[in-house]
Every structure is written in C-alpha cells, then in structure tokens.
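# Secondary and tertiary structure notes
Below, each chain spelled out in residue letters.
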Amino acid sequence: MRRFFAHSTEAADKHDWQPMPEHAIGVADLAAQFGARFGLERAARLAGLLHDLGKYNPAFQIYIERAGKSSDRVDHSTAGAWWARELAKEATPHDRLMVELVAYCIAGHHAGLPDRFGTPSSLDERLKAYVDAVDPVWRSELAPDLTRLLPALKWVQAGEAHPLGQERFAFQLAMLGRMLFSCLVDADFRETESFYARVEGREIDRSWPALPELLDGLIVRFDAHMAAKAASDTAINRLRSDILGHVRGKAALPPGFVTLTVPTGGGKTLASLGFALDHARRHGHRRIILAVPFTTVAEQAAGIFGEVLGEGIVLEHHSAIEDEHSGPADDADSRDQSRRLRRAMEDWEAPVVVTTNVQLFESLFAARTSRARKLHNIAGSVIVLDEAQAIPLPLLGPAVWALEALVRDWGCTVVLCTATQPALDRARLAGSSVAGLIGLDLGPARELAPDSAGLASQLRRTTLRHAGPLADEELVAALRDAPQALVIVNSRRHALALYRTVKAAGLDGVVHLSTRHYAVDRRRILAEVRQRLKAGEPCRLIATSLVEAGVDLDFPRGWRAEAGLDQIVQAAGRVNRNGLRPVEDSIVTVFEAPDNRPPPEIAGFIGDRKRMQDRFDDLFSPEAMTRYFEEVYWRKGPAKLDRGHDGRSILDRFRLDVGETAFSYRSAAENFHMIESGMVPVIVPGDDIATRAINELSIERIPTGLLARTLQPYTVAVPPRARTLLFNHERIRFVAPEFRGEAFAVLTDSELYDPEVGLLWENPEYMNADTLII
C-alpha cells in the first residue's frame, strides 16, 4: 500500500519523512487539547484530522518529492473542507453548522480565513471548483467523527433564541469559528515545528510558565512592591493605598465586565494589576492581558509590570506588522529564524501580556494565521483595557460585540480602566438608538473604585481655563513666562510650525515631538524631557496628542488646542501629575488655533464638549464625562459606530441565511483597522540595529516578519503621494522588491531626517534644479 507523507526532508529514501496519519492525528490531538478548555474539543479534532487531507492526492506527493520545486503547486487545503461538507450531509443541523465553520478553517489554514462568497478565492467558489483526487485510504487512517460538535455556549442550544437577536447569534458563531481556527493553526504550527526539531536534533524553547502556577509568588512580589511604595507616608500615597485596597477587595466579583474609574494620579495601572492577580487566583484565569492605546504607553507599562513581577513573566508586544508568509515553515533556513520572541508574539503564551489596542482588537477580527494563532490563548484571560475610551468610534460597535463574546462565551473578565469612562452602561443607554449596539451590563455594582466622584475631587490636579483664539505668536508670548510648559496641538503640521516659531523667538529648552519622529527617537526625546523636568531646566514641549494617554510626564503648565473633552482631560493628566504644586497654579488652557483649523474628525467632538460647558461647572467630573460620551454616541448614531475602512458595516458581514453561514472573515479583517491614517511607512536607518536589519532584507531566506518587527520602531508614516515623490526623486528606495515587494521603503537622503523635528518629507529642497525642469 502506498504511503502518503505530510512533510519531507532531504533524505532521498524518505526514512525520516513524516507520514500523513502522524501529522494529521498529531495536529488533531493538539487542537483538541486547545479546544477542550471551552467545549471545542470534538470540532477542533475534526479540523485537525482533515486540514491536510489534500496531501493524500498523489499529485501532492510528486510535488514534495521534487522538494516543492515544481511549478505546478497543488492545493491541499480545499480537499478537507470539501470532504467535511460531504460527510456532514446526513448530520444534525447543529453539527452541519459546525462543519461549515470547520470548512472555513481548513480552507484557510495557510492563506487565512476566507469569505463565504464574492471572489474566486471565497469558500464557495473553491468548493465548486474542487475535483476530488485524494486516495480513499485516508478514511481508514483518519476515521473522522462528525457528531456532537457544537459546544455548550450560551444561547446556542436547540430551541433557545438569542436574547439580543439573530445578528448577535451570527456574530457569536463567527467568533466561535475564529477560536476554532486559532486552535487549528496553532496546533499545525507547533506539530510541524516539533517534527522538524526532532529531525534536526534540536530543542524548542517554549519556556513560558503557566500563570496559575505562579500566582501565589506573583502576589507576594506585588504586595512587597506596593508596601515599599507605601513607605513614603504622603497624602497621595495614602489615597492610592486606599484605592488599591478597595479595588483588590472586589476581586471576588464574578467574572464579567468591571469598570475602574480613577483619575490620573490615582495609581490605576498598578491597581488594575493587583485586581487582575487576585481575580485570576480566585477564578482560575489563565492569563493577564493589558492593552493600551499607544506604543509609548505599552513600553512604559511593560517596564512597570516587569519591575513588579520579575523577569520571564511579561511579554511586550506592540508591533503592528506581522509576517505576511503565514503558513508553517517547511524549509530549514526559515525555521532557523523562528525565534522564541516571534513565537511568543504570535501565540501569546506568556502569563502576562502587555500590548496595544491595535494588536488586541485587530487580532480578534484577524483572518491571517499569524495573527489568529493567539486567540485561543486570549480565552480565559483577565483583559485590562487601559484608557478604554481610546477605541476608535467607527469600530466601537464591533469592538464591544467582540469583548462581550469574550466575556459571555470564552471565560474572560474585561476591566474598563480609565479616568474618562465611556458611557457604555446598557441601562443608561436604554431607549437610545445605540443601546443595542454598544450597551454593556455595567452599573455601580461592577465599579471597582470607591466613590468615583469623590476621587475626582480629591485627585484634582489642575485648573481649567478657556482662552478663546490664540495665534502662534500669542502662544510664544505666553510661553515666555512658563519655562516648563506643554503645548499639545492637533496636527503634525501645526506642531512643526509652532516649534519653529517658538525656537525663532529665542526661548530656551524648546522640544518638538510628533510622529514625524520614529519610535526609537520618540523614546529618546521623552527621556530627555523627563530629565529636564526633573532637573528644573527649561523645557517647552510642543507635541501632538501622542503624549496624552498614559505617558508619564509632569509639567507645571499646559496648553491644549481645542479637542474633545476626553482629550482635554488626558492632556490635563500631564500637568501637575504628581500633585506637588498648588492646583490653582497648575493651569491647563484650552485655546482655538485660528490658523490651524481642527481636523473634521475632531471638530464634532469640540461641539460635543462645548455643549457640556453650558451644562456643567466642573467638566472633569465623572457625570460630565458620562454625559459627554452619551452626547457623542447620540450624535454619531449606530451607522457611524460600525463602519469599516470601506464605509460598510463590519457586523453586517456575519449573517445567517436560511440556517447557513454567510461569513466574510477576510473582508472584515481587511476593513477593521484601529488606525485609519491613510499613510504609508518610510524606514529611517537611524542606528546600527536598523542598518543591520535593512542589509538583511536582501537575504531572501530571512523571514519578512522577523525583519519587519525589527524595523517597525524606525518607521515614519507619510502620505502616499509624498512617498511617491520621495521615490521619484531618489530620496528613498525599495529594498529587495523582487521578493519583498514594496514593503520596505528606506530613506536614502539623511538630510531629510532631522533628530529635532523628524522626517521632513514636504521639504522642496530635496528636489534639485534638474528635477524641476519640465
């Protein structure tokens, strides 16, 4: 009888090749192990058994015998999806529904989850075009079981209607499909990696410890750290200790949504960690995930968590660039580059993960295997959303539905942690057009902090003033009397122009910070700013909003160009942050910039804030903030709280049609972008690390994703037209386009990057006289 192989080696006699049953059953066992935690064991096992069924095609065996060098690639992903559907024709309706999800997963286990309809690569078109050619021996070797596949999720059982409607039921099933996909692709990666490691005689470094085994020791470390901080007996430390004690006292609350509403300076980051540790020990959570809005805040938080919890506990993951080559690596050179950090960023197996909102939410809607692998490890976690109000409004509806699914079906607790709590309480939203879209079961009983209104008063650090219009020259005059001051404006263009104006006026200690700088430079600048502030040296920082949410800065005075109320509050959090100055002297001035109109997306929030000014004497009170967000949501309406990059609803892409799924996984992933910048990256070779990685781009065997993650902190986002001009005038080049495409545009004219102001792509001086000749 002919033997069929899943993976090949260099051995011509095939003595160490991997037989198909070994791989399929190995993946099935591992996927079932991942899925067993939440009732997906049987469906995950079926997906694992059938995922590589196309390798029973003799044509595929010829392909791998030629070491994959044949020009006739053989599709081995469609066969398992087709056969699963065939075998399910006599199954129960629930099992047929689950088999549809299995089919999506099998068809996409290399190229990513497909859409059901609409394109030649959609699931239905692939199944229609499939011509069966697999050897029937697979039936006896694999013996799949297609019964009792549906897990016991809430409101999915026979005869029960979903209390929030058919749309939620469809979304719930789509999330179940993603979790199933995660179990399959992670098992496939690991089993493939394990086979090649055995062949090559090497060990696989997967040394992350399990959180439940560590919790007692981590809580001891946390208690010791907080005791050391409390040794300084100041009023603010006493208040922070009271807040921490109250928050940790709520750890016995049942898993679900909780809020932590603490003003800046109240120690909410460490309080959220204390709660997460205690809550995880009480309820058996497997992981703690902290998600923050910006990379700078993630780095800061990861440093704090690492200091508290010790080495080897915290994974910091905030690169938005993933490996485009998403299938299991079948060649030795690529496998050699699969380092522990890359694996960790793809599977989030670490006990504590610090990441960004981009990584968390885009992973929850991901179609690509490298991003979806981690989903089954998100299940069963305590997820802390620091600065929860930072979720982009067009994606708030889908984000809320995803979080609710994690809580309802996948054993998560979600902590909405912020000084500016968004108004998501379903009871308060009752009767509004958005209640069914973004409402959550919150309420006073789910608030962790003591007396939010009282805390807002006790932790008041600043005095808010409204100055009306202030031209740049008037800001310069104001800054003359403020040697240490922060000015935040709404655009990179205004920040650069104001910096140059202040600099030209001869003021000392003027610093510019915006996303014109690449991330490594931004960290350097922030460190210099903190040093200047600590030393009492002049420091006038002109910046964009990237310094607002969670960045640890403490200025005596601040100016903020008009924006939404939540942004004003966040900007105020960078003034008198440590409460060492009188509140009446710590002035935050909100001003109109007459020569720099706010972007359209901010103008609406300014109107919402001004309406609150007429209703509340204290704009920083929790009630004013809640009313502000209610105003924002009312003005936006449901359609603007669920809008993908292409202008279409994300949630409408997941529908049930006459008992069958009509899920558009791929198009949803392509249009769910947390950052809608419309920008493209330019890499600045700013130091030896960047230069070495740029040189390695020309080595084809080094995976794209590995180099992309190294180079991400050296990128600056520019308008597409500007990058085209830079390329046309030979100021950038695309490195290794023959196998990297146009993924890596590298700056070649070092004069265009000034460490003080960043990348000057608008500078006409880079166009010499020859280029201007028509």
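Remember, predicted model here, so these are calculated numbers, not experimental data. (Residues numbered from 1 in each chain as written. Predicted model: local features only at pLDDT ≥ 70, side-chain atom pairs only at ≥ 80, totals over all residues. Heavy atoms only, no water.)

## With respect to the sheet that holds strand β4 (residues 287–292)
Spatially, the six strands line up as an open sheet ordered β3-β8-β7-β4-β6-β5, and their pairing is parallel. At either margin of the open sheet sits one strand with a lone partner, and together these are β3 (257–261) and β5 (314–317). Direction aside, neighbouring strands of the sheet carry axes that sit 15° apart on average. As defined by bridge partners, strand β7 (residues 381–386) adjoins strand β8 (residues 413–418) across five bridges and the pair is classed as parallel. Within the sheet, the bridge partner assigned to L385 lies in β8 and is L416. (Pairing = 2+ DSSP bridges. Helix = DSSP H or I, 4+ residues; strand = E, 2+ residues; numbered from the N terminus. Axes fitted to C-alpha atoms, helices over the stretch in contact; angles between N-to-C directions.)

## What to know about the environment of P582
Along the polypeptide, P582 turns up in the loop between α25 (565–572) and β14 (587–592). Take P582: its relative accessible area is 37%, and that puts it in the partly exposed class. For the pair formed by P582 and R461, sequence separation is 121 residues and the distance between their alpha carbons is 7.8 Å. (Buried < 20%, exposed > 50% of the residue type's maximum accessible area, 1.4 Å probe, protein only.)

## Some remarks on the nonpolar core
Grouped together as the largest cluster of nonpolar side chains are 137 residues, with contacts concentrated most on F361, L385, I438, Y633 and F663. No other element matches the 14 residues that helix α8 (residues 166–200) contributes to this core. Excluding residues within four positions of it along the chain, Y633 makes contact with L393, L396, P422, A423, L424, V434, I438 and L641. In terms of nonpolar packing, the next biggest core, distinct from the first, is built from 62 residues, V262, I288, L513 and L553 among them. (Core = buried A, V, L, I, M, F, W, Y, C linked by side-chain atoms within 4.5 Å. Contact = heavy atoms within 4.5 Å.)

## A short note on the pattern of salt bridges
Under the counting rule described, the total for this entry stands at 45 salt bridges. Two residues, R248 and D223, come together in a salt bridge whose shortest N-O distance is 2.7 Å. One end of the pair, R248, is in helix α10 (residues 235–248); the other, D223, is in helix α9 (residues 211–230), and 25 residues separate them in sequence. We classify D223 as partly exposed; its relative accessible area is 34%. A salt bridge links D618 to R460, with the shortest nitrogen-to-oxygen separation between them at 2.8 Å. One end of the pair, D618, is in the loop between α26 (600–613) and α27 (622–636); the other, R460, is in the loop between α21 (452–458) and β9 (463–469), with 158 residues separating them in the sequence. Here the salt bridges do not stand alone but share partners, grouping D186, R190, D347, E349 and R373 into one network. (Salt bridge = Lys/Arg side-chain N within 4 Å of Asp/Glu carboxyl O.)

## Digging into the pairing of strand β16 (residues 660–663)
Here four bridges tie strand β15 (residues 654–657) to β16, and the two strands are oriented antiparallel to one another. Bridging across to β16, L656 finds its partner in T661. The turn linking β15 back onto β16 is made up of two residues, and V658 within it adopts a positive phi angle of 50°.

## Some points on empty space enclosed by the protein
Using the criterion set out here, one finds four cavities of 30 Å³ or more in the structure. If you add up the space inside the largest cavity, you get close to 80 Å³. The wall of the largest cavity is formed by 13 residues, among which A388, Q389, I391, L396 and P422 lie closest to the centre. Of all elements in the fold, only α18 (396–409) and α27 reach the threshold of two or more residues within the lining of the largest cavity. In the lining of the largest cavity, the residues fall into twelve nonpolar, one polar and no charged. Approximately 40 Å³ is the volume attributed to the second largest cavity. Elements with a contribution of two residues or more to the lining of the second largest cavity: β10 (484–488), β13 (557–561) and α25. Residue contributions to the lining of the second largest cavity peak at three residues, all from β13. (1 Å grid on protein atoms, 1.4 Å probe; cavity = no way out; pocket = protein on both sides within 12 Å on 5 of 7 lines; lining within 4 Å. Points joined across faces, edges and corners; volume = space filled by probe spheres on them. Nonpolar A, V, L, I, M, F, W, Y, C, P; charged D, E, K, R; others polar.)

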